[in-house]
Amino acid sequence: MCRNIKTLANFEPPATNDEVHDAALQFVRKLSGSTKPSKRNEHAFHHAVEAIAAIARELIDSLETNQEPRNREEEAAKAKARSALRFA
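In this report, the structure presented in the accompanying data block is examined. The structure presented is a predicted model; accordingly, all values stated were derived computationally and were not measured. (Residues numbered from 1 in each chain as written. Predicted model: local features only at pLDDT ≥ 70, side-chain atom pairs only at ≥ 80, totals over all residues. Heavy atoms only, no water.)

### With respect to the overall build of the protein chain
1) Next: For the protein chain, the helix and strand inventory stands at 3 helices and 2 strands.
2) Next: Element order for the protein chain, N to C, with α for helix and β for strand: β-α-α-β-α.
3) Next: In terms of overall size, the protein chain is more extended than a compact globule, its C-alpha atoms giving a radius of gyration of 15 Å where 88 residues would be expected to give roughly 12 Å.
4) Next: Considered along the principal axes of its C-alpha atoms, the protein chain spans approximately 45 × 40 × 15 Å. (Helix = DSSP H or I, 4+ residues; strand = E, 2+ residues; numbered from the N terminus. Rg over C-alpha atoms; globule rule 2.2 N^0.38 Å.)

### Some thoughts on the packing of aromatic side chains
Geometrically, a pair of aromatic rings is defined through the distance of the ring centres and the angle of the planes.
1) Next: Taken as a whole and assessed by the stated rule, the structure comprises 0 aromatic pairs.
2) Next: The ring of Phe 11 has Arg 70 lying over it, and the distance from NZ or CZ to the ring centre is 4.4 Å. (Phe/Tyr/Trp six-rings, centres within 6.5 Å; stacked < 30°, edge-to-face > 60°. Lys NZ or Arg CZ within 6 Å of the ring centre and 35° of its normal.)

### Some details on the nonpolar core
1) Next: Within the largest apolar cluster, 11 residues are counted, these being Leu 8, Ala 15, Val 20, Ala 23, Ala 24, Leu 25, Val 28, Phe 45, Val 49, Ala 53 and Ile 60.
2) Next: Taken together, the elements giving at least two residues each to this core come down to helix H1 (17-32) and helix H2 (42-62). (Core = buried A, V, L, I, M, F, W, Y, C linked by side-chain atoms within 4.5 Å. Buried < 20%, exposed > 50% of the residue type's maximum accessible area, 1.4 Å probe, protein only.)

### Observations regarding helix H3 (residues 72-86)
1) Next: Compared with an ideal rise of 1.5 Å per residue, which puts 15 residues at 21 Å, H3 spans 21 Å between its outermost C-alpha atoms and is within 8% of the ideal.
2) Next: Where H3 begins, one side-chain oxygen reaches toward the backbone nitrogen of Glu 73, 2.8 Å away; that side chain belongs to Asn 71. (Expected span 1.5 Å × (residues − 1). Polar contact = N/O pair within 3.5 Å; in protein donor to acceptor, adjacent residues only side chain to side chain.)

### Some remarks on the environment of Pro 14
1) Next: Within the secondary structure, Pro 14 sits in the loop between strand S1 (11-12) and H1.
2) Next: A C-alpha to C-alpha distance of 9.6 Å links Pro 14 and Arg 70, two positions 56 residues apart in sequence.
3) Next: Non-local contacts of Pro 14, meaning those with residues more than four positions away in its chain, are made with Glu 19 and Arg 72. (Contact = heavy atoms within 4.5 Å.)

### So, the pattern of salt bridges
1) Next: The full count for this structure, using the stated rule, is 3 salt bridges.
2) Next: Between Arg 72 and Glu 19 there is a salt bridge whose closest N-O contact spans 3.1 Å. Of this pair, Arg 72 sits in helix H3 while Glu 19 is found in helix H1, placing the two residues 53 residues apart along the sequence.
3) Next: Accessibility expressed as a relative area gives 27% for Glu 19, which makes it partly exposed.
4) Next: A salt bridge links Asp 61 to Arg 57, with the nearest nitrogen and oxygen atoms 3.1 Å apart. With Asp 61 and Arg 57 both in helix H2 and 4 residues apart, the pair spans about one turn of that helix.
5) Next: According to the relative accessible area criterion, Asp 61 is exposed, its value standing at 54%. (Salt bridge = Lys/Arg side-chain N within 4 Å of Asp/Glu carboxyl O.)

### A few points about the packing of H1 against H2
1) Next: The interhelical angle for the contact between H1 and H2, taken along N-to-C directions, is 130°, at an axis separation of 8 Å. Classified by the angle between their axes, H1 and H2 sit oblique to one another. Crossing geometry of H1 relative to H2 is assigned as right-handed. The segment H1 lies against H2, with Asn 17, Val 20, His 21, Ala 24, Leu 25, Phe 27, Val 28, Arg 29 and Ser 32 engaging Phe 45, Ala 48, Val 49, Glu 50, Ile 52, Ala 53, Ala 56, Arg 57 and Ile 60.
2) Next: Here the residues of the contact of H1 with H2 sort into 12 nonpolar, 3 polar and 3 charged. (Axes fitted to C-alpha atoms, helices over the stretch in contact; angles between N-to-C directions. Parallel < 35°, antiparallel > 145°, perpendicular 65-115°, else oblique. Left-handed = near helix turned anticlockwise from the far one by under 90°. Nonpolar A, V, L, I, M, F, W, Y, C, P; charged D, E, K, R; others polar.)

Quick look at the structure:
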């Protein structure tokens, strides 16, 4: 599951809140070992997702770098090429 979490820092345009939330959701799913929590654990699961998304957004927004921002389309093309080589 965690290999689906993408790098979100230093992109132009910056990562959206939906992307940050999706990464937090994948992280909590991995930690909890469940893709859907039971009714009993639903509140704790969703609270963890929201807390991790908030701190991840804070981290991404506060990171500083000297490198030029990466282009989303170029990074997607590179990932597609790597996938084609891997599964060819």
